[in-house]
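The primary structure of each chain is shown beneath.
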Amino acid sequence: MLTQEDLQAISLLIKNEVEPLYKKIDNMESRLDKVDSRLDKVDSRLDKIEETLEEVKEDGQITRDVTNSIGEWIEFYFGKEKPFPLDKDEIDEQEKILKMFD
């Protein structure tokens with residue numbers, strides 16, 4: 001049968017073997033905490049990027065709508081006199097006319 005001294009010696013041996021494992025686990029937890037912190041920052045930056053992209057999409061849609069409206073307006077009021085788009089010859093002719101006024 002084991003004596004009290006034997007049990008204490010076994011306990012000390014186990015403690016000595018397990019202690020480095022605890023230290024490694026503590027180090028791993030510390031490193032994981034740092035990774036979590038960095039991931040939180042990445043998430044924050046991604047959220048900002050998503051917000052910016054949504055604004056760009058919205059602005060693009062507004063620009064597209066306005067451009068289409070302007071095109072429709074030009075076509076309605078000037079389509080018969082000056083069809084859109086002008087061909088290359090028409091552009092050259094208009095440039096010559098404008099140069100005469102310089």
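Conventions and cut-offs
- Sequence order sets the numbering: in each chain, residues are counted from 1 along the sequence as written.
- Residue-level local features of this predicted model are given only where pLDDT is at least 70; pairs of side-chain atoms are given and counted only at 80 or more, and the full residue set underlies all totals for whole chains, interfaces and linings.
- Side-chain metrics rest on all non-hydrogen atoms present in the structure, leaving aside hydrogens and water.
- In DSSP terms, a helix is any run of H or I states spanning at least four residues, a strand is any run of E spanning at least two, and both are numbered starting from the N terminus.
- C-alpha atoms define the radius of gyration in this analysis, and the globule rule sets the expected value at 2.2 Å times the number of residues to the power 0.38.
- We call a residue buried when its accessible area falls under 20% of the maximum for its residue type, exposed when it is over 50%, and partly exposed in between, using a 1.4 Å probe and counting protein chains only.
- All accessible-area figures derive from a Shrake-Rupley calculation using a 1.4 Å probe, and residue coverage is judged against the displayed protein chains alone.
- Neither His nor the chain termini are counted; the positive set is Lys and Arg, and the negative set is Asp and Glu.
- By convention, the point assigned to a charge is CZ for Arg, NZ for Lys, CD for Glu and CG for Asp.
- We call Phe, Tyr and Trp rings a pair once their centres come within 6.5 Å, taking the six-membered ring for Trp, and we label the pair stacked below 30 degrees between planes, edge-to-face above 60, and tilted otherwise.
- Here, a salt bridge means any Lys or Arg side-chain nitrogen found within 4 Å of an Asp or Glu carboxyl oxygen.

Peer 1: Break down the overall build of the protein chain for me, citing the residues and quoting the values.
Peer 2: Helices and strands together make up the secondary structure of the protein chain, namely two helices and zero strands. Its C-alpha atoms give the protein chain a radius of gyration of 38 Å, clearly above 13 Å, the size a compact globule of 102 residues would have. With the C-alpha coordinates aligned to their principal axes, the bounding extent of the protein chain is approximately 115 × 25 × 20 Å. The burial tally for the protein chain puts 1% of its 102 residues in the buried class. If you sum the accessible surface of the protein chain, you get close to 10,300 Å²; carbon and sulfur atoms cover 58% of it. Charged side chains in the protein chain number 16 positive and 28 negative. The centres of these two groups are separated by 6 Å.

Peer 1: For the packing of aromatic side chains, give the residues involved together with the corresponding values.
Peer 2: According to the stated counting rule, one finds three aromatic pairs in the structure shown. With centroids separated by 5.6 Å and ring planes inclined at 55 degrees, the aromatic side chains of W73 and Y77 adopt a geometry described as tilted. Here W73 and its partner Y77 are both found in helix α1 (residues 4-78), four residues apart, which amounts to about one turn of the helix. With centroids separated by 4.8 Å and ring planes inclined at 85 degrees, the aromatic side chains of F76 and Y77 adopt a geometry described as edge-to-face. When its relative accessible area of 66% is taken as the criterion, F76 is described as exposed. What links up through ring pairs into an aromatic cluster is the set W73, F76, Y77 and F78.

Peer 1: Now, about the pattern of salt bridges: what can you tell me, with residues and values included?
Peer 2: For side chains bearing opposite charge, pairing can occur when the charged atoms are close. For the coordinates displayed, the defined rule picks out two salt bridges. K57 is the partner of E54 in a salt bridge, and the nearest nitrogen-oxygen pair spans 3.7 Å. In this pair, E54 and K57 both sit in helix α1, three residues apart, roughly one turn of the helix. With relative accessibility at 56%, the residue K57 sits in the exposed group.

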